[in-house]
Every structure is written in C-alpha cells, then in structure tokens.
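One letter stands for each residue in the lines below.
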Amino acid sequence: MSAASCLLTEDQFLCSICLDVFTDPVTTPCGHNFCNKCITEHWDVNVQCQCPTCKRLYNTRLELDVNTFISEMTAQFRQSVQQETSSSSSEQQAAKPEEVPCDVCTGTKLNALKSCLVCRASFCETHLEPHLTMSGLKRHELIDPVENLEDRVCMNHDKLLELFCKTDQMCVCMLCTYSDHKSHDVVPLKKEYEGKKAELKETEAEIQQMIQKRRLKLHEIKRSVELSKERADRETAEGVQVFTALKESVERGQAEFIRTIKEKQRTREKQAEDFINELEQEISELKKRSSEVEQLSLSEDHLHLIQSFSSLNTAPPTKDLTEVSFFPPSYEGTVARAVNQFEETLSKQMKKFFEAELMRVQQYAVDVILDPDIVHPTPTQSSAKQEVKEGDNCRCVLSEQGFTSGRFYFEVEVRSWGIWTLGVARKSNMKRQITLSPNNGFWTVCLKQKYFATADPSVCLFLKSKPQKVGVFVDYEEGLVYFYDVDTAALMYSFTGCSFTDKVYPFFSPCNNDGIKIHTIDDKVCTLQ
C-alpha cells in the first residue's frame, strides 16, 4: 500500500469543492469523491442534488457513507506529507516580524504553528510534534499562534482564563469564582464566545443593512444629481433659446430702427439735392442774363440797345422761392415706435415662454379637498367635509392634504370673487387672527380694491388683465411659490427663498361672494356656499 501511495499525486487527494485534502471522503454513485461536509453543505445550498464535477442530477437526497478505502489512502498521504515536512523543517525560514516566533527554538526563531494555553508557549512545526503524539500533551488546548499568552492567564491565581463573569463583564479563572466573583453570573468562556459571536453576527447584519440603506441613499442622491443636471441642461437650453430669440428680436428692431432713420435721411438728402441742382441751374442762367444786361447797358449804339432790350426784358423761367422750403426731418416718435414694436414682440415671446412654463408646472396638479377647520369667526359646519358655509365675514380655509416635500400645483377660479386671498400656509397660526406674511407662515396674493402680494412688506401687483383663474405652484425643497394668471399664462408673482419647515396647505379666503367654486386642474370641484 505504501509503495502504491507513492505513485499517487497530491491532486488525487484534493476535494474539488474545498480544494483541500479529503476529510471523511464520500463517493457519489457517479464515482466522484468529496469531503462529506463539503458535499453536504453544497446540497444544502442548492435545491437540486447535483454532482459538482459531472453535473449529474439525483431525484432524491443521497445518504453517503465514508469511503474507508479513500479515507485510509488519504491518511497515508497525510502521514507521508508530514514526514516530508518534518524532514524539511530544518529548511524553514525564520519567523518574520509580523509572525509569532517559536518560544523553544534557540538561535534562529522559526515561525510558530500553534500556541499552547497550558504550556503558555508557541511552537514551530518541529517542537509542536510532542503535543500531537504524546497522550499527556494531546489534552492541552492548542490555538492559532498568538503573542502575549500572559494576557490569557489570571494575574491573581496564575490560572488559565477559561470563564466569563457576566456580572463584572470580565474574563476570570476557576479560582476567581471562589473569591472575588463568588455568587456572580459566571459562564464558560466558550459559551460567552458563542454568544458574542451571535451578537457580532447580528451587529454585522445591522451594519450591512445600514450599508445597504446608505448605498440606496447614495444611488438616490447620485440619480437626483443626474436628474438635476438633466433639468439644468434642459432649462439652460430653453433659456438660451428664449434669450436668443429676444436678442435676435432686439437686433432686428435695432436694425429696422436704423434703417428707418437712414431711409428718411436719404429721402431728405435726395430732395435737397434736387433743389440744389435746380437752384444752381437757375443761378447759372441768371448770371448769364446779368452779364448780358451789363454789356447792353454799356452800349452807345442807340439802335442796338433798343432792338436788344426787348429780348433781354423777357425773364427766364425760375422757381418761386416763397414756395420752396426745406426743414430737417423729424425723428420724434421713431424710437418710441420701435420700442413699442419690440415690446409687442417681447410680449409674444414672453407669452409663449410662460405658456410652456405653465404646462410644465401643471403636471404636478393635485386634488384639493377643503377642510372645515376655519378661523375667526367659527363657521357652521355641514356634514359634507367639502362644504363650508359662509356668513357675512371672511372665512379662511385650508385643504385637507398638506405637503412636506416635493412639488404640487392647484388652480382656483376667482372670477366671482370681489375680495379674495389664496396661496399656501402653515396650519399652526390658523386659530388666531394674524398678519399675513411669510414670517407668519403665509405665502399669498390678495385682491382688495387692488392686487398685492403679502410679502414683507407687501408688494402691489400691476397686472395687465383681471385674472379669472389663478394657478399656484409650490416647490417645497427649493422654497418657491409661483402665482400664474392661467388664462393669459402670465406670472403674477413669485416668492423665492422660502423656508418651509412644517407642513404647508393650500389656503383660501373668499369674502362676501355667492356661489363660489374652487376648481382643481382636473375639474374636480369643491363648493363654498
């Protein structure tokens, strides 16, 4: 058998699962060998029983027995390897600084393989042999090599620390239970170790869960940054498009303005040039006549003078200078007309922009259902929660739903309201009379003889038309509240840099009106009677 084992290689004694020498080898019906523990754990993990080597499937879980022949061959192989290792122990290298040296070696300290808690020493492969062969030493507890074995011994009794005192939360020896730790809750160190291992496992699971949550949050933040960049790029592109159109419009208006001025100047210059040429021609003719008159007046020939006088007396045709007038062109109003034309173009561009902007915010439309939680004076509440009866005084009412994050949008028909206030508000100040302002938790616009926003201080709104329906958009995280005239798609007012720390609610305050209807974007109606 020994001669035969020498012909076998190490690969033939390796388990294909753990890649180590067989421990309790078993053989499957297909003829492949594995460690009993390896194949058992492999089948525990997988639903189907399958040979890891040839992938053969078995319908039922196999009960495999240890292959004694392979086991004996493995034992002989281990023994031969140990002998070869022992013979080459003299060739072992000295222990490295990060390794535990043998306490028995003299001269060069070899690397320790095990530490004995009883002997309180660490041993290299050669000096460990007695602990593996001698019956008395086999009972000693061997552990992976460690330094400072003195820390594992009780300083008071010079005994091995093999117990744990739960009362004082410290490791003790057996004699400690009869003295300082008498009547304390003491358990074997192994039991406490297993308990702590279980706690560490739970802690590890909690840590992994925390890591997973943070990974998800990290992914969420990164995705949010990506979305933010996409939106920023989209907004930038749209903004550049709008401003490019405005710039081109300004340039066209400027070019048209300059062209108009130059055209008017060229026309006037042409008229002046025609007058000048005509007048210069007349001057030339008049100079010629003047010369002829002068010469004739110097003549001493009576007959010649009288005969020539009749032809000279006829004046050449000339323009009546009283009818000729030339003034510089008037440019008054040219700039004003150009600016007005640009303003019309700008208004059209702005209208297109705000229509697109309004369409974007309308995608965040929410249903608005009123809550009869009314402030001063207390109203008579009806059975229907959407209905709030109104007397002679103003009523302030919130929606049922509040918001602590995200974006939302709602629309309110105000065509029938003579006096109104709407926007968003915190709920905390709804039980007492208070000045409407962002500092008090109200972000609203109002109509009371004139339109104004309840900022600090309030801001008068000069609107081109009377809003029939007002849209309100809120971005909680960005701290924005926008008010739109829905029919004209014009921005009425915007609160920016708002500090929302509590839940905010859609806020309504109609006064002295009949048949008031509050519409949401999907035409669901809440009625104030």
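About the criteria used
Residues numbered from 1 in each chain as written. Predicted model: local features only at pLDDT ≥ 70, side-chain atom pairs only at ≥ 80, totals over all residues. Heavy atoms only, no water. Helix = DSSP H or I, 4+ residues; strand = E, 2+ residues; numbered from the N terminus. Buried < 20%, exposed > 50% of the residue type's maximum accessible area, 1.4 Å probe, protein only. Contact = heavy atoms within 4.5 Å. Areas by Shrake-Rupley, 256 points an atom, 1.4 Å probe, with all protein chains shown as cover. pLDDT = per-residue confidence, 0-100. Core = buried A, V, L, I, M, F, W, Y, C linked by side-chain atoms within 4.5 Å. Axes fitted to C-alpha atoms, helices over the stretch in contact; angles between N-to-C directions. Parallel < 35°, antiparallel > 145°, perpendicular 65-115°, else oblique. Left-handed = near helix turned anticlockwise from the far one by under 90°. Nonpolar A, V, L, I, M, F, W, Y, C, P; charged D, E, K, R; others polar. Salt bridge = Lys/Arg side-chain N within 4 Å of Asp/Glu carboxyl O. Pairing = 2+ DSSP bridges.

## Some thoughts on the overall build of the protein chain
- From N to C terminus, the protein chain includes eight helices and 23 strands.
- In the protein chain, which comprises 529 residues, the share counted as buried stands at 30%.
- Summarising the internal contacts of the protein chain: among those between residues at least 6 apart in sequence, 52% fall at separations of at least 24.
- On the protein chain, roughly 34,700 Å² of surface is accessible, and the fraction owed to carbon and sulfur atoms is 52%.

## A few points about the confidence of the model for the protein chain
- The predicted model of the protein chain averages 80 in pLDDT, with 82% of residues at 70 or higher.
- Taken as a whole, residues 374-392 scores under 50 in pLDDT and shows 45 contacts with residues more than four places along the chain or in a different chain.
- This stretch, residues 513-529, has a pLDDT under 50; its non-local contacts, to residues over four places away or in other chains, come to 53 contacts.

## Concerning the nonpolar core
- Counting residues in hydrophobic clusters, the biggest one holds 33 residues, and the most contacted among them are Trp-420, Val-481, Phe-483 and Phe-495.
- The set of elements that each furnish at least two residues to this core consists of β13 (407-413), β14 (419-426), β15 (442-448), β16 (450-453), β18 (469-475), β19 (480-485), β20 (490-495) and β21 (504-511).
- Val-26, Phe-34, Cys-51 and Tyr-58 belong to the second-largest nonpolar core, a separate cluster that totals 13 residues.

## Quick notes on the packing of helix α6 (residues 189-297) against helix α8 (residues 334-361)
- At a minimum axis separation of 10 Å, α6 and α8 run at an interaxial angle of 165°. With respect to α8, the element α6 is oriented roughly antiparallel. Every pair of crossing elements has a handedness; the one defined by α6 and α8 is right-handed. Between α6, through Glu-235, Glu-238, Val-242, Ala-245, Leu-246, Ser-249, Val-250, Phe-257, Thr-260, Ile-261 and Lys-264, and α8, the contact on the second element is made entirely by Thr-334, Val-335, Ala-338, Phe-342, Thr-345, Leu-346, Gln-349, Phe-353 and Arg-360.
- Counted by class, the contact of α6 with α8 contains eleven nonpolar, five polar and four charged residues.

## With respect to the side chain of His-131
- One can find His-131 in helix α4 (residues 125-133).
- The class of His-131 is buried, set by a relative accessible area of 6%.
- Contacts of His-131, omitting those with residues within four sequence positions, involve Cys-116, Cys-119, Phe-123, Leu-137, Lys-138, His-140 and Leu-142.

## Concerning unusual backbone geometry
- The amide bond that connects Asp-456 to the next residue, Pro-457, takes the cis arrangement and shows omega of -5°.
- Its place among the elements puts Pro-457 in the loop between β16 and β17 (459-460).
- The backbone phi angle of Lys-55 is positive, close to 65°, even though this residue is not glycine.
- Checked against the element boundaries, Lys-55 lands in the loop between β3 (49-50) and β4 (57-58).
- The residue Ser-183 is not glycine, and still its phi comes out positive at about 70°.
- As for its placement among the helices and strands, Ser-183 is situated in the loop between β9 (170-172) and β10 (186-188).
- Residue classification places Ser-183 among the exposed positions, given a relative accessible area of 74%.

## Things to note about the pattern of salt bridges
- Counted according to the given criterion, the structure contains 16 salt bridges.
- Between Glu-411 and Lys-469 there is a salt bridge, and its shortest N-O distance comes to 4.0 Å. Pair noted here: Glu-411 is in strand β13 and Lys-469 is in strand β18, with a separation of 58 residues, a long-range link.
- One salt-bridge network, in which partners are shared between bridges, spans Glu-235, Glu-238, Glu-357 and Arg-360.

## Overview of the sheet that holds β18
- The antiparallel open sheet is built from four strands, whose spatial order is β13-β18-β19-β20. At either margin of the open sheet sits one strand with a lone partner, and together these are β13 and β20. This sheet shows a mean twist of 20° between the axes of neighbouring strands, independent of strand direction.

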